[in-house]
Amino acid sequence: YLPAVLNLKTQHKIKTFENDELSIIRFTQPINNYNENIVDVNFKLVITEKQTKTTTFCDEIHKMRYFSLPEINLFAKLNNFEVVKSEEFLTRKEPSENTWGICMVLRKK
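In what follows, the accompanying structure is described. The structure presented is a predicted model; accordingly, all values stated were derived computationally and were not measured. (Residues numbered from 1 in each chain as written. Predicted model: local features only at pLDDT ≥ 70, side-chain atom pairs only at ≥ 80, totals over all residues. Heavy atoms only, no water.)

What about the packing of aromatic side chains?
Any two aromatic rings considered together are summarised by their centre-to-centre distance and by the angle between their planes.
Thinking step 1. Scanning the model with the defined rule gives one aromatic pair in all.
Thinking step 2. Considering the side-chain rings of Phe67 and Phe75, the 6.3 Å spacing of their centres and the 85° angle between planes classify their relative orientation as edge-to-face.
Thinking step 3. Phe67 gets classed as partly exposed once you look at its relative accessible area, which sits at 31%.
Thinking step 4. Relative accessible area serves as the criterion here: at 37%, Phe75 is assigned to the partly exposed category. (Phe/Tyr/Trp six-rings, centres within 6.5 Å; stacked < 30°, edge-to-face > 60°. Buried < 20%, exposed > 50% of the residue type's maximum accessible area, 1.4 Å probe, protein only.)

Considering the environment of Gln29
Thinking step 1. Relative to the helices and strands, Gln29 is located in strand E2 (residues 22–33).
Thinking step 2. With relative accessibility at 38%, the residue Gln29 sits in the partly exposed group.
Thinking step 3. Gln29 sits 23 residues away from Thr52 along the chain, and the two C-alpha atoms are 29 Å apart. (Helix = DSSP H or I, 4+ residues; strand = E, 2+ residues; numbered from the N terminus.)

Side note on the nonpolar core
Thinking step 1. One finds Val5, Val39, Val41, Phe43 and Tyr66 forming the largest nonpolar core, which totals five residues.
Thinking step 2. Broken down by element, this core gets its largest block of residues, three residues, from strand E3 (residues 38–49).
Thinking step 3. Ignoring sequence-local partners within four residues, the contact set of Val5 consists of Thr10, Asn32, Tyr34, Tyr66 and Trp100. (Core = buried A, V, L, I, M, F, W, Y, C linked by side-chain atoms within 4.5 Å. Contact = heavy atoms within 4.5 Å.)

Some points on the pattern of salt bridges
Thinking step 1. The final tally for this structure, using the stated rule, is seven salt bridges.
Thinking step 2. Lys63 serves as the salt-bridge partner of Asp40, at 3.0 Å between the closest nitrogen and oxygen. Of the two residues, Asp40 sits in strand E3 while Lys63 sits in strand E4 (residues 55–65), which places them 23 residues apart along the sequence.
Thinking step 3. As a salt-bridge pair, Lys44 and Asp59 come within 3.4 Å of each other at their nearest N and O atoms. Taken together, the residues span a long stretch of sequence, with Lys44 in strand E3 and Asp59 in strand E4 at a distance of 15 residues. (Salt bridge = Lys/Arg side-chain N within 4 Å of Asp/Glu carboxyl O.)

Below you can see the structure in the form of structure tokens.
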């Protein structure tokens, strides 16, 4: 959701996951392209098998497009839909500048 991306900013993160067999470290590096409303989220994973001490490295890029309510309203209108409601995903609160994800319900006219 555009207001949250501009307000909260995307962040570099490091997360560690572990169980009896594996240790995983995930590095997240977002790269913003504000002119296209896209964030390339670069993931680097370091996966270590505990028993063999074998380490595997993986890289992934998730290209994520974020939208504003006026954009969705315009797309809906151009495609003969009407917006029934918009709300914060899962909480059903009003979307705000602190809302990463929203849910919108549209109806075909």
